[in-house]
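One-letter residues, chain by chain:
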Amino acid sequence: QVQLVESGGGLVQPGGSLRLSCAASGGSFTIYAMGWYRQAPGKQRELVATTTSDGTTRYSGSVKVRFTISRDSAENALYLQMNSLKPGDTAVYYCNAAARLRGGISINTYWGQGTQVTVSS
């Protein structure tokens, strides 16, 4: 089983910055892709940014230029640098990983518990 733990959320004023972190643990596994998703109250969970093992990144149009996803493969860690935050970025942010356990055949999707980001003056 792969456990994902997010950190770094909080309250920030519009225009401010936050850096989210996600740590993956739980034994021996291979991660093929990781990403950040978010869910605002009353809305569906949506993709924010993803990165694959070959370094390909993808962003939602609403965060492109303002957010940067990065990954430390050696540490099994994922980051999201968020700049120029807007009230519309307020949501619970979830870390996601597509991974295969050592000895396993299938690639499964894992989710963290989420971290709250609130952008408000």
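Residues numbered from 1 in each chain as written. Predicted model: local features only at pLDDT ≥ 70, side-chain atom pairs only at ≥ 80, totals over all residues. Heavy atoms only, no water.

Undergrad: Account for the nonpolar core, naming residues and giving values.
TA: Leu4, Trp36, Leu80, Met82 and Tyr93 are the most contacted members of the largest nonpolar core, which totals 29 residues. Among the elements that make up this core, the one with the highest residue count is strand 9 (residues 91-101) (5 residues). Sequence-distant contacts of Leu4, that is, excluding residues within four places in its chain, are made with Cys22, Ala23, Ala24, Met34, Cys95, Asn96, Ala97, Tyr110, Trp111, Gly112 and Gln113. (Core = buried A, V, L, I, M, F, W, Y, C linked by side-chain atoms within 4.5 Å. Buried < 20%, exposed > 50% of the residue type's maximum accessible area, 1.4 Å probe, protein only. Helix = DSSP H or I, 4+ residues; strand = E, 2+ residues; numbered from the N terminus. Contact = heavy atoms within 4.5 Å.)

Undergrad: Quick one: what's the story with the side chain of Arg66, residue by residue and with numbers?
TA: Its location among the elements puts Arg66 in the loop between strand 6 (57-59) and strand 7 (67-72). Judged by its relative accessible area of 11%, Arg66 is buried. A polar contact of 2.8 Å, which involves the side chain of Arg66, links it to the backbone oxygen of Ser62. Reaching out from Arg66, the side chain makes a polar contact with the backbone oxygen of Ser84 at a distance of 2.9 Å. Not counting residues up to four positions away in its chain, the partners in contact with Arg66 are Gln81, Met82, Asn83, Ser84, Leu85, Lys86 and Asp89. (Polar contact = N/O pair within 3.5 Å; in protein donor to acceptor, adjacent residues only side chain to side chain.)

Undergrad: Which residues make up the sheet that holds strand 8 (residues 77-82), and what values do they have?
TA: Overall, antiparallel pairing links the 4 strands, which are arranged 1-3-8-7 in an open sheet. The strands lining the two open edges of the sheet, one partner per strand, are strand 1 (3-7) and strand 7. Going from strand to strand, the sheet's axes swing by 15° on average, the running direction of each strand aside. (Pairing = 2+ DSSP bridges. Axes fitted to C-alpha atoms, helices over the stretch in contact; angles between N-to-C directions.)

Undergrad: How would you sum up the pairing of strand 7? Please name residues and give values.
TA: Pairing of strand 7 with strand 8, which is carried by 6 bridges, proceeds in the antiparallel orientation. In the strand pairing of strand 8, Thr68 is matched with Gln81. Counting the residues in the hairpin turn of strand 7 and strand 8 gives 4 residues, including Asn76, whose phi is positive at 50°.

Undergrad: Could you give an account of the environment of Asp54, with specific residues and numbers?
TA: Tracing the backbone shows Asp54 in the loop between strand 5 (46-52) and strand 6. When the C-alpha atoms of Asp54 and Val2 are compared, they prove to be 21 Å apart, with 52 residues separating the residues in sequence. Of the polar contacts made by the side chain of Asp54, one reaches the side chain of Thr52; its length is 2.4 Å. Here the side chain of Asp54 touches Thr56 through a polar contact of 2.9 Å, side chain to side chain.

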